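Chain by chain, the residues:
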Amino acid sequence: MSTTALAVVLAVPFALPFIYLIVRNAGDLSGLWAALTDGDTIAPAFRSLLLGTSVAITAGILGTGAAWMVARTDLWGRRSWALLLCLPLVMPSFVGAVALIAAFSPGGLLSQLLGNSVPLPSVSGFWGAYGVLTLLTYPYVFLPVMARLRTMPPATEESARLLGRRPFAVFLTVVVPQARAAIAAGALLVFLYVISDFGAVQLLRYDTLTRMIYANRLLDPSVSVALSLVLGVMAVAVVAFERRASRVGLRETQRLRTPLTVPLGRLKALAITLLGLLVTLSLIVPIGVLLFWAIRGAVQGNDRSNSVINDPSLILGPLGSTAGVSIATAIVAVLVVLPIAYRTVRRPGRLGEAIAGTVVGGFALPGLVTALAFVFWTLNSPGPVGALYQTLPLLILAYLVHHGALALGATQTAVAAIPPRLEDAARSLGSNRARRFTSVEWPLMWPGIAAGAGLVLLSTMKELPATLLLSPPGFSTLATRVWSAAEVALYEDAAVYALVLVALSAILTWFLVVRPALRSWDRVASVQDETQPEPVPVPAEPVAG
Amino acid sequence: MSARLRAAIGAVIVSLVAVFAFAGCGSSSSTSTSASGDGSSLVVYSGRSEEYVGPALAAFTKKTGVKVDVRYGDSVDLGLLIGEEGDKTPAQVYLAQSPGPMVYLDQSKLLSTLPQATLDKVPATFRATDGTWVGVTGRQRVLIYNTDLVKPGDLPKSVFDLVKPQYEGKVAVAPTNASFQDFVTAMTQLSGEQKTKDWLDGLVANGAKAYAKNDAIADAVARGEIAYGLVNHYYFNEIIEKDPNAPVKVYRFPGTDPGSLFLVSTAAIPAPAANNADAIALINYMLSPAGQAVFVAEEGEYPVVPGVKQATGQPSLSELAYPSYDLSKLTDLKQTAKLIQGSGIGG
């Protein structure tokens, strides 16, 4: 099968939620028309755009800055920082929102701790949603940009430094432009996540399109379906725009040598303070609140036999399921996305853009819509497909479609980082396709692919709507346990499950993403030095998520 | 091929095998459950939390030997799921927080009629007039207040008083909460649409604060962030469980004020499982004194079966004053949504 055919076939599942929405809307065009022309739709749509854009810009800045400090400077404990900076992603947004509300509200934990006189930021409306979502989503930028920076050639940077530029100026004028595609792809993911988020905007009371979709889903389903389509179209438009924008003037030059490490000197203390502040707000405060609830619950005790406080073994089932499905989804996502990335990067064009746009757009639909779409497609399919209903393969497929976008951007960046010249060299030395892939391409791509897989892994671990509707009967994950306990205000149970979720994600991220990536970065350096001693700039294809 | 790469490929293969083995046993176990029509295992969609419903279902299995497979989720989402599944739904019993999702499914003809004997266990106002769903437990709309911020003399005589100037900026509501929406629907029918609309608009004009959920209101009242909150009665129990010294008290509007509406959680049997003996047995069990006692103990909810003992510290159902309102009239949710959205109270 040609790469094109393979990529098209692999992209088909990603189109299913969109087709479902079109089918649903076709049944009730008057509902779609009413929703589109209703003035009440404009304001929430505008708020979705405003929130998505603001958070994407802020998370883009935070994620890029953090990635540069971790990947390219002589900061202490870079692996630990790399891990800590990834973890906020695993915090379900409703948990992050609940924890931050509990911490920052008037009369909340921080004002009890600091006294009522200390002014605290507001945690509702736009600013609350903006703050919470920024803190929970910057890893979408951090992880892929860090991977990109580790494989980026140091030539221009070296020259700039030799010419006397300060580290920060080098960062702005040399590093950022070269990592632009990765930054834009990450910021796009943030945008799409934010416009599809329901947990945080609901709790923090900011009226976006998703809140209207949820508020109407039973009262007036036709409105919900119409608004979901509006959201999807909005996402596809933004994806197309981003791809066009990041294409302009983008020529990533490649040179293959060990990435440069910038000595921070006296700025080291400042860098550590900044990263420390980011980690404190995005990870330590929520974890602190969770610990407070868990410890208070354990001290007070309760008489519920099905409380995890009384029976810690209740954790084991959800723990195994969470690890199993998230690892499975991450692996499947890489296998599915890699051919798509090859096709779209090596042969850019309209078809490639359509395929990539379909994959990425799926991330902007609320998980509930994706889940219901798969209910529709599975139950309306004949025998063998219908039999997959509410089984693990279907659940993993739904995860894949919802989260495939997370792997695609990073994988495209990784594929683009392989200079064709290197491949030509390997070919002329008599390497066949398989050997070129395993010995040349894979080692070069691995950091980027690991970053993409990591994003899928962490996002799948916290996924809720598809898990609740599509999992096999009796299946529960740590995220569903957190949700279930929090629904009935049993915060001590919710906190224990959430802490285990964070711990599990830390372990998996460390072993599957951070450690192999850092190890292979060293490998990349040696492979590169061996294979191409002469520094020759090679234009690469533009990359975008 | 380097040793390290070989190890990496090996690791991927091993994890793939593990994953597919894992997926395999998951799907084989679910195939056995989807073939549960023989009565060996009952599929329940529960919009009520495992923390509360789990003990009642476990007690049912212990008593009858019928294995239960439960899908827990949000009431509304599970209602939408059954709506999407239609006549292919594997659900044999559906439990929801409120009548709303039942009314939605009933309108699409996706629910079966329950046996008269089951329906007759609860008073007529707590079940569908067409017999498609039945109330399982009850909850009352109440006003909770922070005793540091409110003197007993300040308390309103009626829920309609909350739009008066002395309550400006002091009242919390959860407009997207299903119980609040049911309460507004009932108010429309009990007191008229215009009066309801004026009340909602009045709340907005009076600076009432919208919260996402009832428990967010409960926490905010306990913290002293706001003085009053309109919630379901058991949120008061939750506050006291978390902190026995919380400065919060519960107040019931006197007489048949719409603010004291009595609501029920619900159970139904989807159409494809009509007359399934195990499904009927489960609903009957939940309406038996033993089943009701579990809910009363776990959640502090009211029993809906006359004669079942009430949780300690709460008035019994017969002592309770509430408007007499037929819950199967909670149909015009679209109209309610328009009223709430039109008022701009958000939430």
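For clarity, every value in this text was computed on a predicted model and none was experimentally measured. (Residues numbered from 1 in each chain as written. Chains lettered and ligands numbered in written order. Predicted model: local features only at pLDDT ≥ 70, side-chain atom pairs only at ≥ 80, totals over all residues.)

**A word on the overall build of chain A**
Here comes step 1: In terms of regular secondary structure, chain A is built from 25 helices and 2 strands.
Here comes step 2: Computed over the C-alpha atoms, the radius of gyration of chain A is 23 Å, within 12% of the 24 Å expected from 2.2 N^0.38 for a compact globule of 545 residues.
Here comes step 3: On the principal axes, the C-alpha backbone points of chain A span a range of 70 × 60 × 50 Å.
Here comes step 4: The buried share of chain A, reckoned over its 545 residues, is 57%.
Here comes step 5: A separation of at least 24 residues holds for 85% of the contacts in chain A among residues at least 6 apart in sequence. (Helix = DSSP H or I, 4+ residues; strand = E, 2+ residues; numbered from the N terminus. Rg over C-alpha atoms; globule rule 2.2 N^0.38 Å. Buried ≥ 20, exposed ≤ 12 C-beta atoms within 10 Å, placed from the backbone. Contact = placed C-beta atoms within 7 Å.)

**Remarks on the pairing of strand β7 (residues 228-232) of chain B**
All names here are of chain B.
Here comes step 1: In terms of burial, β7 is a largely internal element, 5 of the 5 residues being buried.
Here comes step 2: Taken together, the 5 bridges between strand β4 (residues 133-146) and β7 define a ladder with antiparallel strand orientation. Across the sheet, the residue bridging to V142 is V231, located in β7.
Here comes step 3: Where strand β5 (residues 171-173) and β7 come together, 2 bridges link them in parallel fashion. Within β7, the position partnered with V171 by the bridge is Y228. (Pairing = 2+ DSSP bridges.)

**Things to note about the interface of chain A and chain B**
When the parts of a complex come together, some accessible area is lost, and that lost area is often taken as the interface size.
Here comes step 1: Opposite the 45 residues of chain A that make contact, chain B presents 52 residues.
Here comes step 2: Residue assignment for the side of chain A that touches chain B shows that the elements contributing at least two residues are α12 (199-204), α13 (209-216), α16 (316-346), α18 (367-379), α20 (392-416), α22 (433-461), α23 (465-470) and α24 (478-487) of chain A.
Here comes step 3: With 5 residues, the top contributor of residues to the side of chain A that touches chain B is α18(A).
Here comes step 4: Here the side of chain A that touches chain B is composed, by residue class, of 24 nonpolar, 13 polar and 8 charged. (Nonpolar A, V, L, I, M, F, W, Y, C, P; charged D, E, K, R; others polar.)

**Comments concerning helix α11 (residues 289-299) of chain B**
Given 3.6 residues per helical turn, the α-helix brings residues three or four places apart onto the same face.
All names here are of chain B.
Here comes step 1: Taken residue by residue, α11 has G291, Q292, V294, F295, E298 and E299 as its buried positions. The buried residues of α11 all sit within an arc of 150 degrees when viewed along its axis, so they share a single face.
Here comes step 2: Buried residues along α11 sit in contact with α2 (50-64), β4, α9 (234-242), α10 (277-286) and β10 (302-303).
Here comes step 3: The first or second residue beyond α11 is G300, which carries a positive phi of 65 degrees. (Arc of directions from axis to C-beta.)

**Comments concerning the environment of A:V345**
Residue and element names in this part refer to chain A.
Here comes step 1: Structurally, V345 can be placed in helix α16.
Here comes step 2: The exposure class assigned to V345 is buried, which follows from the 23 C-beta atoms found within 10 Å.
Here comes step 3: Once the C-alpha coordinates of V345 and A495 are considered, the two residues, 150 residues apart in sequence, prove to be 43 Å apart.

**Description of the domain arrangement of chain B**
Residue and element names in this part refer to chain B.
Here comes step 1: Considered domain by domain, chain B is made up of domain 1 (38-137 + 264-318) and domain 2 (139-262 + 333-343).
Here comes step 2: On a C-alpha basis, the centres of domain 1 and domain 2 stand 27 Å from each other.
Here comes step 3: The residue inventory of the side of domain 1 that touches domain 2, partitioned by class, reads 2 nonpolar, 5 polar and 2 charged. (Domains from an automatic or database assignment.)

**Here we look at unusual backbone geometry**
Here comes step 1: The phi torsion at A:R205 lies on the positive side, around 60 degrees, for a residue other than glycine.
Here comes step 2: Since 22 C-beta atoms lie within 10 Å of it, A:R205 is described here as buried.
Here comes step 3: Phi at B:K109 is positive, roughly 60 degrees, even though this residue is not glycine.
Here comes step 4: On the secondary structure map, B:K109 appears in the loop between α4 (99-107) and α5 (116-119).

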